[in-house]
Amino acid sequence: MSKKDNGASVILAYLNDKNRPYSAQDVFCNLQKQHGLGKTAVVKAMELLAQEGKIKEKMYGKQRIYFADQSQFRDVNDADLKAMDKQISELSAEVQTLTQSCRQLDTELKELNSSLTTEEMMAEIQELKAECSGYRARLEKIKSATNHVTPEEKEKVYKERDVYVKEWKKRKRLASDMMNAILEGYPKSKKEFLEEVGVETDEDCKVVFPNT
């Protein structure tokens, strides 16, 4: 592109190549990044090309539209149009197939990226083997122990516990009844009475009856 034509040659080649209508704004947006054309230069160049008859110009409302001179292209008959339609249909089907293949490959790639590598898998296997060895050692130690509690011994312990818990509840109830009788004639509060006689309750020691 020479400075003299202000981008006219680039714009002409672009319109002939695309062969579709554009406004000056469209051409500016499409070419400014690649060719560094200013909007004013694009507008002037397109007006000049239209005046010279190298491109065609039409008004749509208040907007000026430019497109390639169709006389430079060969006439297209019905057979050519049908062939083009067929080619478009085939290309559209090919694009759809390729798009589907790309999506499938993208899914497979994501799955592979989220999978463990061979080195990571081997390291994890070694960790699991070491963990299993530790569990086996603990199991053997438990099996070889001589202090296992038999079911009979366990049952005996639970029965003794029930007896002690029952006695505990009985004595607590008796103590509570005695204290309530004393408090009926005691001039101070229950808390002060307990502090005075030095009695600690189960609640003070945070002790509760075990579940039976």
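Our structure is the block above this text.
Keep in mind the model is a prediction, meaning the values are calculated, not measured.

Trainee: Would you mind going over the environment of Cys29 in detail, with residue names and values included?
Mentor: Tracing the sequence through the fold places Cys29 in helix α2 (residues 24-35). C-alpha separation for the pair Cys29 and Val42, spaced 13 residues apart in sequence, amounts to 10.0 Å.

Trainee: Hey, could you go over the side chain of Asp202 for me, with residue numbers and the actual values?
Mentor: By the secondary structure assignment, Asp202 is in the segment after α7 (190-197). One polar contact links Asp202 to Lys172, side chain to side chain, over a distance of 3.3 Å.

Trainee: Which residues make up the pattern of salt bridges, and what values do they have?
Mentor: A complete count under the given rule lists 7 salt bridges for this structure. A salt bridge links Glu57 to Arg64; the shortest N-O distance between them is 2.6 Å. Residue class for Glu57 comes out partly exposed when judged on its relative accessible area of 35%. For the salt bridge of Glu203 with Lys172, the shortest nitrogen-to-oxygen distance reads 3.3 Å. A residue pair is termed long-range when its members are at least 10 positions apart, and Glu203 in the segment after α7 and Lys172 in helix α6 (residues 151-183) qualify at 31 residues. Glu203 sits in the exposed class, given a relative accessible area of 52%. The class of Lys172 is partly exposed, set by a relative accessible area of 31%.

What counts and what doesn't
- The numbering scheme is per chain: residues are counted from 1 as the chain's sequence reads.
- Under the rules for a predicted model, residues below a pLDDT of 70 receive no local features and side-chain atom pairs below 80 are neither given nor counted, while totals for whole chains, interfaces and linings still include all residues.
- The side-chain numbers reported here are obtained from all heavy atoms of the structure, hydrogens and water having been left aside.
- The numbering of helices and of strands both runs from the N terminus, where a helix is a DSSP run of H or I of at least 4 residues and a strand a run of E of at least 2.
- Any pair of nitrogen or oxygen atoms within 3.5 Å is treated as a polar contact; in protein, a donor-acceptor pairing is required on top of that, and neighbouring residues in sequence qualify only through side-chain atoms on both sides.
- Here a salt bridge means any side-chain nitrogen of Lys or Arg lying within 4 Å of a carboxyl oxygen belonging to Asp or Glu.
- Partly exposed describes any residue whose relative accessible area lies between the buried limit of under 20% and the exposed limit of over 50%, with all areas from a 1.4 Å probe on protein chains only and scaled to the type maximum.

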